[in-house]
Amino acid sequence: MIKLSPTKKRTLFFVALGWALLLIGDRIGELLQYQGSFVAMYALAIASIILLTGYSGQLSLGHSALMAVGAYAGALSINNLNLHPAIALVIATFVAGIFGLILGFGVARLSGPYLAGTTLALAVSLPTLANQFPILGGEQGVVFDVGAPPARFGEDFSMYKWFFWISTLAVLIMLWLISNVVSSRYGRTFRAIRDNETAAALSGLNTGRLKVLAFAISSGMAGLAGGLLVMLISGVSPSAFPLSLSFSLLTGAVVTGVYSLKGVMLGGLVLVAIPEIADSIVTRIGGSEGFTATLPGFLVSALLILAVLFTPNGPGTLLHSFKKHN
Amino acid sequence: MIRNTRMKRFSIVSAVVALGTMVITALPAQAAEPGLTSSEIKLGISTPLTGTAALSYGKVPGAMKAYFDHVNANGGVYGRKIKLIVRDDKYLPTLAATQTTNLVLKDGVFALVAALGTATHSKAYTAASLAKKNVPDLFVNTGFSGFGNRTKYPTTFTVLPSYAMEAKIISKFVKDKFPGQAVALVAQDDEFGVDGVNGFAAGSLTLASKTLYPQSSMTDARAKALVTGLSAVPGKPVVILFGTTDVTALILKAAESLNLVSKFTWIAGSVGGDSNTLLALGVKSTTIDGIVAASFFPDAKDTNDEYVKEFSKINAKYNPGVSFDNTVLQGMNSAMLTVQALRAAGKNLTRTGLIKAIENKGAKFASAALVPLNYSPTSHIGYNGYWMGQLNAKGELKPFGGTLSVVTTDSTNGPITPSTYKRISIPKNGIPTNS
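The numbers attached to residues start from 1 for each chain and follow its sequence in the written order. Chain letters and ligand numbers both follow the written order, the letters beginning at A and the numbers at 1. Per-residue local features of the predicted model are confined to residues with pLDDT of at least 70, and side-chain atom pairs are confined, for both listing and counting, to 80 or more; whole-chain, interface and lining totals are unaffected and use all residues.

**Focus: the environment of Asn315 of chain B**
Residues and elements named next belong to chain B. Only DSSP runs of H or I covering at least 4 residues are called helices, and only runs of E covering at least 2 are called strands; the numbering of each starts at the N terminus. In this fold, Asn315 is placed in helix H12 (residues 306-318). For the pair Asn315 and Gly62, spaced 253 residues apart in sequence, the C-alpha separation works out to 9.2 Å. We call two residues in contact when the distance between their C-beta atoms, placed using the backbone, is within 7 Å. Ignoring any residue separated from it by four or fewer positions in sequence, one finds Asn315 in contact with Ala63, Ala66, Val322, Phe324 and Val328.

**A few points about the packing of helix H1 (residues 6-27) of chain A against helix H6 (residues 159-182) of chain A**
All names here are of chain A. As a rule, the C-alpha atoms of each element are fitted with a line to give its axis, helices using only the stretch in contact, and angles between N-to-C directions run from 0 to 180 degrees. At a minimum axis distance of 11 Å, the contact between H1 and H6 shows a crossing angle of 170°. Between H1 and H6, the crossing angle belongs to the class labelled roughly antiparallel. Contact with H1, carried on its side by Thr7, Arg10, Thr11, Phe14, Leu17, Gly18, Leu21 and Gly25, involves Lys161, Phe164, Trp165, Thr168, Leu172, Trp176, Ser179 and Asn180 of H6 and no other residues of that element. Residue composition of the contact of H1 with H6, grouped by class: 7 nonpolar, 7 polar and 2 charged. Oblique is the label for every angle not falling under 35 degrees (roughly parallel), over 145 degrees (roughly antiparallel), or within 65 to 115 degrees (roughly perpendicular). Each residue is assigned to one of three groups, with Ala, Val, Leu, Ile, Met, Phe, Trp, Tyr, Cys and Pro labelled nonpolar, Asp, Glu, Lys and Arg labelled charged, and all others, Gly among them, labelled polar.

**Some thoughts on the domain arrangement of chain B**
Residue and element names in this part refer to chain B. Examined at the domain level, chain B breaks down into domain 1 (40-161 + 301-383) and domain 2 (163-295 + 388-398 + 403-418). Contacts between the two partners involve 16 residues from domain 1 and, on the opposite side, 19 residues from domain 2. Only helix H2 (53-57), helix H5 (118-127) and helix H13 (326-344) provide two or more residues apiece to the side of domain 1 that touches domain 2. Its residues assigned to classes, the side of domain 1 that touches domain 2 shows 6 nonpolar, 8 polar and 2 charged. What marks off one domain from the next here is an automatic or database domain assignment.

**Focus: the confidence of the model for chain B**
Residue and element names in this part refer to chain B. Think of pLDDT as the predictor's per-residue confidence, scored from 0 to 100. Looking at chain B as a whole, the pLDDT averages 88, with 92% of positions reaching at least 70. Mean pLDDT values over the elements of chain B span from 49, in helix H1 (residues 2-25), up to 96, in strand E3 (residues 111-113). Low pLDDT, under 50, characterises residues 17-31; the stretch is placed with 8 contacts to residues that sit more than four places away or in other chains. In the predicted assembly, ipTM is 0.73 and pTM is 0.79.

And the structure:
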């Protein structure tokens, strides 16, 4: 039996997952490919919150704003600089990361409710700010067009499959990088700060700098997720990033288990599946359109309450304790 | 420990795969021409049912359904019953994109009808691949002239006159009726408002001030600051409000609280000048009395109008409990245009056939509007004119100066001419028999 290092195992896992998703992507219909792209995008956005909250102990309610930063950066680089969409997504990541870095320095002294409040203010104000600069396209926003899939994939290669490929590939690469970061020295120091900042500082860690770093990495991830979101809806505008998006992501993170990156796909799946479940409930039992419109919100809230009550650390811990009992 | 981690990973992956498989098996099979059977035509609408935009437009799907029910009860379209699937997009681009995609891919609709909004629908159109899939996109409720771009939106037909046309017509009206008065324009800072601003420029209206605001950021305090600023202009300035109804209401209420309503001559665009919604949003009836507004429909309260009379009857029967207003009239009118389009496409209905039918016969469809439809193989823009009226305290729009004067124009530099259009009478019982 060949012994593999954890890093290699992780890499192999991601390659296998990518391979499996490639095969799945070939066998599902366009709707599922489209929904699958959303699952991947949400999974990444949730992972960015988990990294920040679960690993470094900082709470952000403004991740939709960070996603918006990445989204606008990506859209503008396609529209104004005529860059390739792949490069635009990289730019989305870096611009949001740098924005997060600057913001991180600004809020480094804040923690708990103060940090949450500041990021919340950001989520409220940033999309409005986008209306003030003509280059950002006002309410209408900016088009984000990745173009048709390359001709060599053939006529039958749909746009949704193209979306699915781009999203899953981008998300897998990012999650692979991040899972390496959290199992490295940085991951351990992040957790040390989360568990006891004073003790971490006494052990010689530069807690301020590390917190800013965590914020920047998390912002970069959110920026990429934002870029992917607006790719999927073919354009960016302020109303694509409502405050409710930040809360949905937070719900996804809590349902997933905020201390572990392993279940992020579950979180993404939940966010995409809930409107579908609500839809099928209404179809089955009947009900007005108003009922259909409010049911998803109700289900998300109910799920959040149940998750906090029964699996505050994520469904993974349930499995763990179940195994222990046996 | 490693074993546990592996197990956990394995179980997560298998759960995802299992869920995926479950959903795949639930996917319906695609027919050759989606949404069409020998007994049914499936249509879809993505529009706000909740949120602020739903206050004015939430009634559209109900009105359309009521009209389709009426047609279905009378034999449908060549024996096929129309089924309208409604999805709520809350007037958000992300939801409009996903809900429209759902309508096309999941619900498998034959065509889309009466989608609302410019920012929302332009994204939805691309995200749902409507052009590539050749999905007819009928009677979109926007006056954004960009939807007239046939290369970008080959399957789209808009219904409202363009905002540029409206602005040009208002410009001429102001110059004719209020010469010498200072004019202030307050417009929304998006495609809708900018289209309007271009129209005011094309109409060469001299503006004393121009305020562009983002729709989502107008607040009570900002509205008050705006009205206070405008009140510094001497005389009785004309204020043109070119925005959505909720913002129009905010500005009017700000003027109420500052006692400045009578300081101005108010002109509200066709989008923001819906009196029922303004009243519902808390604007006083005394404020509404005298507001100048543009319209291309008869007034929904004009019970002598044959379309209003027939549609009110249908509304009372199939849409009980919902009061008949301009929005219901607009919804029913779009539904009646849809039925005529489906009939014009013939018994062997296809998506391409439907698009061709509107291009070739759409200009002759019966409609409630007092201005003509302009569909042709080269134009997918609907109405092309307006009449100017004045609201009274009851919210009824009466022709300005007592005589109805309908004018038509284009979105660019064409002249504004009095309309010679003679409206086609409503078909018997409101059931089209065209072919």
